[in-house]
Each structure stands twice: as C-alpha cells, then as structure tokens.
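What follows is each chain in one-letter form.
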Amino acid sequence: MTAISRSASGKLILCGEHAVVYNRPAIAVPVDQIATSVKIFAKPLAEKGLVTILIPQIGMESNLKNLPDSQPLKHSLAILQDYFKINHFPACDIRISSTIPISSGLGSSASLSVALIRALSEFLGQKMDNEEINRVAFDLEKIHHGNPSGIDNTVITYARPVYFIRGEEIEFIPLVKPLDIVIGCTGIRASTAQAVAGVRERWINQRLKYDEIFSNVGKITTQIRESLRQGKISDIGLLLTQNHKLLQEMEVSCDELDELVEAAMSAGAFGAKLTGSGRGGNMLALVDASAVEQVKDALTQAGAVSTIHAIIQPSKGVG
C-alpha cells in the first residue's frame, strides 16, 4: 500500500522563552536528531469517511469518530477539515510516530502539527507553502498551549534558526559555525500551558519586576543573535547561563533543572540553561565538540534520564 509520508523536526528555544510571550525576542533552532513522522494510507474500498488513527508508541488504534471531541488530535483534525473545506476526510489510516519526548519543551506538539498539515495537504492535493503551513500550525498550537507565542511552529516549519518577535516579520539567523548542544532530560513532564499561565499570574501581580526581567532577557537574546552571526561560541555560553538565572527569577525552573545546569557547567560546558516552559522537561548545554561525552556523562550522573547530542548546522538557504 502506497503511503504519503511527511516529517517535522523537534526544536530548542535557545533563549528568550516566556519573555517572548510579552513581545520580547527569542531565538529557536531546529533539532533534526528528533522528529515526528506522519504517514497516510489511502483506503479507497473502506467505508466513506472512515479514518483510523494509529500511534503504536502508546498503543492507540481508534476510529477518529470514536475519539472524544476534547482529544487534541481530533480537535486538530476538525480544524484542518474546516480549513481544507471538506465535509469529511477520504477513508484512510493515519499513522503517527515520534522520537520527541512529550511535554518536555522540545516541540512535540508543533512538530506533530507541521507534519500532519504537510501530509494531509499532499493527501488531499492542496499544496501549501511554508507561510501557510506556519499559519495553520499556529492555530493548532493554540489547542495544546492556550496562548502560544508562535515560535515553536515557526522554527519547525522553516527548519532554520530564527530570531522571533511575536507579530513581527520572521528573521532567520545565518550561523557561521555549528553549535554542539547537549540536551538533558529531567524526566518530569510539565504543562507548557500551566507554566505560561503561572508566569502571567505573577506578571499581573508583580508587573514592574517581571517587565524588567523580560526586558533583560530580551537584551541577552539580542546579544546572542549577534554572537551567533560572529561565531563567538564562548560568549553565547555565558549569555545562556545569564538567561537561566533570569528564568529562575521567573520561578519557572526547578531543583532538577538547576542541578543539571550546574553539572553541565562543572563538566566544562560554555553555558547551560533550561529550555522550553520549565518546571521540568529539558535543559541544554552549549559545549565544545570535544566535551560532548563528558557533559553527557555528568548529566546522567546528576540525574538526567536521557541525553541527546544535537548539532545545529550552518544554514544553506531559506527553506
């Protein structure tokens, strides 16, 4: 049986998370070492409109109609059905697989959204460019995160490092050197929506304090953009660590993340910080290529349940 197959990478927020929701800049990079794959198998002889969702990793095999309306994937497909202006999807199997940890700040929901949109648009013969895919993926991200900034779907759609300010034109960052990043996972699943809501509540109650924190994060992010353009890796590391301290002030870190950051720094990382919404999930460490294994070992000894070596390569062109 011939299948249409599309995939989308994971991502890392290099700097600027949370502040980006308040119109400060953030930088995100694609992580090709992890990805979501969506395969669609047409079933022309099956019952009209019969769509089966298969996610082997969680043992899921269900008729789309039988999923509760509150189920995020069903909600996403309903939005896409309206977007494509069809009464129902042609009978098919939709098989989803992913190597991206869920609820860990690595873009699992945005990656699924982008891969799903790409696969379905081809399946339905409705070609979409990246701008359109990004716009629709942002609508799907609202299902998962309530008030997302849009940075996750943007960096995953275009698969290039981006300097992102909400509501402004996307700026791609031309890397002059590859970045070696070690990702350490706490094993704690954390809700992005809850973390974002918590920051908002504290911002409402302590607006002057949080506006100053967000502005300082924005300054660091702008400095990192310039250092990326110049290939000043050690400078970037120092700035990343400063960003982590500001995230601690926002109260979105946790003991487990702080311990992994300290372990990475002690093992020779240029810099380290949490990545994503915090309260669990993952941290990242910017390292020299020669120090990758020792930093991974240090993170494991400090309690990381898994580590990933991500290499962010210089871009060859706009996707």
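You'll find the structure just up there.
This one's a predicted model, so the numbers in the text were calculated from it and none came from an experiment.

### Focus: the pairing of strand β5 (residues 92–98)
In terms of burial, β5 is a largely internal element, 5 of the 7 residues being buried. In terms of strand pairing, strand β2 (residues 26–42) meets β5 through 7 bridges, oriented antiparallel. Looking across to β5, one finds that K39 is bridged to R95. As judged from the 4 bridges shared by strand β3 (residues 51–55) and β5, these two strands associate in the parallel manner. Residue pairing for β5: I53 is matched across the bridge by I94.

### So, the nonpolar core
The biggest cluster of nonpolar side chains holds 103 residues, and the ones touching the most others in it are I53, L77, L80, I94, L120 and I224. With 9 residues, helix α2 (residues 108–123) is the single largest residue contributor to this core. Other than its neighbours up to four places away in sequence, L77 contacts I53, L64, F89, I94, L116 and L120.

### Things to note about the pairing of β3
Of all 5 residues that make up β3, 5 are buried, and the element is covered over most of its length. Side chains V51, I53 and I55 of β3 all project onto a buried face; the interleaved residues T52 and L54 project onto the opposite face, where all are buried too. As judged from the 4 bridges shared by β3 and strand β4 (residues 60–63), these two strands associate in the antiparallel manner. When the sheet's bridge partners are listed, L54 is paired in β4 with E61. In sequence, β3 turns back onto β4 through a hairpin of 4 residues, with G59 there showing a positive phi of about 70°.

### Observations concerning the side chain of D93
Tracing the backbone shows D93 in strand β5. Taking the relative accessible area as the measure of exposure, D93 reaches 16% and is therefore buried. Polar contacts involving the side chain of D93 include one to the side chain of K43, which spans 3.4 Å. Excluding its chain neighbours within four sequence positions, the residues that come into contact with D93 are K39, I40, F41, K43, T52 and L54.

### A look at the packing of helix α1 (residues 72–83) against α2
The axes of two packed helices give the description: the angle between them and the distance between them. For the pair α1 and α2, interaxial distance at closest approach is 12 Å and the crossing angle is 40°. Relative to α2, α1 is oriented oblique. As for how α1 packs across α2, the hand of that crossing is right-handed. Here L73, L77 and L80 of α1 lie close against α2, whose contacting residues are L112, L116, I117 and L120. The residue makeup of the contact of α1 with α2, split by class, is 7 nonpolar, no polar and no charged.

### Focus: the pattern of salt bridges
Scanning the entire structure with this criterion turns up 10 salt bridges. Put simply, D139 and K142 hold a salt bridge, and the shortest N to O gap is 3.6 Å. With a gap of 3 residues between them, D139 and K142 both fall in helix α3 (residues 130–145), about one helical turn apart. Judged by relative accessible area, which is 39%, K142 ranks as partly exposed. Through salt bridges with shared partners, a single network forms among E171, R225, E226 and R229.

Basis of the calculations
Residues numbered from 1 in each chain as written. Predicted model: local features only at pLDDT ≥ 70, side-chain atom pairs only at ≥ 80, totals over all residues. Heavy atoms only, no water. Buried < 20%, exposed > 50% of the residue type's maximum accessible area, 1.4 Å probe, protein only. Helix = DSSP H or I, 4+ residues; strand = E, 2+ residues; numbered from the N terminus. Pairing = 2+ DSSP bridges. Core = buried A, V, L, I, M, F, W, Y, C linked by side-chain atoms within 4.5 Å. Contact = heavy atoms within 4.5 Å. Polar contact = N/O pair within 3.5 Å; in protein donor to acceptor, adjacent residues only side chain to side chain. Axes fitted to C-alpha atoms, helices over the stretch in contact; angles between N-to-C directions. Parallel < 35°, antiparallel > 145°, perpendicular 65-115°, else oblique. Left-handed = near helix turned anticlockwise from the far one by under 90°. Nonpolar A, V, L, I, M, F, W, Y, C, P; charged D, E, K, R; others polar. Salt bridge = Lys/Arg side-chain N within 4 Å of Asp/Glu carboxyl O.

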